[in-house]
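Fold and geometry: a report
This is what each chain is made of:
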Amino acid sequence: MPLTGEYQPSTVDWARKQAEEYEASDGARAGEILDRPIIVVTNVGAKSGKLRKTPLMRVEHEGEYLAVGSLGGAPKNPVWVYNLRKNPHVEVQDKAERHDYTARELSGAEREVWWQRAVEAFPNYADYQTKTERLIPLFVLTRH
Ligand SMILES: C[C@H](OP(=O)(O)OC[C@@H](O)[C@@H](O)[C@@H](O)Cn1c2nc(=O)[nH]c(=O)c-2cc2ccc(O)cc21)C(=O)N[C@@H](CCC(=O)N[C@@H](CCC(=O)O)C(=O)O)C(=O)O
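About the criteria used
Residues numbered from 1 in each chain as written. Predicted model: local features only at pLDDT ≥ 70, side-chain atom pairs only at ≥ 80, totals over all residues. Heavy atoms only, no water. Near = heavy atom within 4 Å. Polar contact = N/O pair within 3.5 Å; in protein donor to acceptor, adjacent residues only side chain to side chain. 1 Å grid on protein atoms, 1.4 Å probe; cavity = no way out; pocket = protein on both sides within 12 Å on 5 of 7 lines; lining within 4 Å. Sits in = over half its atoms within 2 Å of the grid points. Helix = DSSP H or I, 4+ residues; strand = E, 2+ residues; numbered from the N terminus. Nonpolar A, V, L, I, M, F, W, Y, C, P; charged D, E, K, R; others polar. Expected span 1.5 Å × (residues − 1). Contact = heavy atoms within 4.5 Å. Buried < 20%, exposed > 50% of the residue type's maximum accessible area, 1.4 Å probe, protein only. pLDDT = per-residue confidence, 0-100. Pairing = 2+ DSSP bridges. Lys, Arg positive; Asp, Glu negative; His and termini not counted. Salt bridge = Lys/Arg side-chain N within 4 Å of Asp/Glu carboxyl O.

By the naming in an unreviewed UniProt entry, the chain is Deazaflavin-dependent oxidoreductase, nitroreductase family, taken from Actinoplanes regularis.

**Observations concerning the site of the ligand**
Taken together, 27 residues lie near the ligand, and Lys47, Ser48, Arg52, Val79 and Tyr125 sit nearest. Here an oxygen atom of the ligand sits 2.9 Å away from a polar atom, N or O, in the main chain of Leu71. Within the side chain of Asn83, an N or O atom sits 2.8 Å from an oxygen atom of the ligand. According to the grid-proximity analysis, the pocket containing the ligand is the largest pocket. Here the shell around the ligand gets five residues from one element, more than from any other, and that element is strand S3 (residues 51-57). For the shell around the ligand, the class distribution of residues is 16 nonpolar, nine polar and two charged.

**What about helix H1 (residues 13-24)?**
In a regular helix each residue adds 1.5 Å, so 12 residues correspond to 16 Å; H1 covers 16 Å between its end C-alpha atoms and thus fits that length. If you follow the buried residues of H1, they end up packed against strand S1 (32-33), strand S2 (36-44), S3 and strand S6 (89-94). Where H1 terminates, the next one or two residues include Asp26, which has phi positive at roughly 50°.

**Quick look at the side chain of Gln93**
By the element assignment, Gln93 lies in strand S6. Judged by relative accessible area, which is 1%, Gln93 ranks as buried. A polar side-chain atom of Gln93 sits 2.9 Å from the main-chain carbonyl oxygen of Lys95. Excluding residues within four positions of it along the chain, Gln93 makes contact with Tyr22, Glu23, Asp26, Gly27, Ile39, Val40 and Arg98.

**Considerations on the confidence of the model for the chain**
Residue-level pLDDT values for the chain average 97, and 100% of them are 70 or greater. Interface scoring of the predicted complex returns ipTM 0.96; its pTM is 0.97.

**Some words on the pairing of S6**
Across the six residues that make up S6, a large majority, five, are buried. Pairing of S2 with S6 involves three bridges; the strand directions are antiparallel. What sits directly across from Val40, in S6, is Gln93. When S6 meets strand S7 (residues 97-105), the two strands line up antiparallel, connected through six bridges. Bridging across to S7, Asp94 finds its partner in Glu97. Between the end of S6 and the start of S7, which pair antiparallel, lie two residues, with Lys95 showing a positive phi angle near 60°.

**Some points on the side chain of Glu91**
Residue placement: Glu91 occurs in strand S6. Buried within the structure, Glu91 lacks any salt-bridge partner; its nearest side chain of opposite charge belongs to Arg98, at an N-O separation of 4.5 Å. Apart from residues lying up to four places away in sequence, Glu91 is in contact with Pro2, Leu3, Val40, Val41, Thr42, Arg98 and His99.

Below is the structure:
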């Protein structure tokens, strides 16, 4: 069942623009950043209940995706992490494909396997983790 609600654009202009361009062109435009593909994850605000559209690097394995709360290695988690913890029903757009997924936060050995996949897809993640004390949150997104 697709998510419904009022879209509330991100306050980060470049990310907002990339999400909107990607969505409008089915990924034909704004499909990459730093030469790596992205996806757009629509998530529901933990407090506002509004729809947020968050571009993330595309980390995919056998039909599942990974949402990596890196925020460039900033000391604090991105806010969308709290949205996924509260409202795990998200929508993933990968090019022209849009489907419903459930987000599940990872830990332990399973988290390690997915972390390797993330770094393979986007090596910058390894640098980001060295820049912050926090353990970068990872969520596997499994299709409904
Ligand atoms: C700036 C902030 O956004 P954020 O959720 O912290 O996310 C910050 C970034 O992670 C986000 O911009 C990402 O899209 C950046 N980003 C990546 N960010 C990542 O963390 N990982 C990635 O792999 C990644 C890739 C990527 C690729 C392309 C691109 O354009 C951006 C990319 C934001 O929009 N804040 C809103 C509120 C957002 C929100 O969800 N509020 C909640 C409240 C949540 C709460 O406080 O509990 C609500 O509505 O209820 C605001 O200030 O009004």
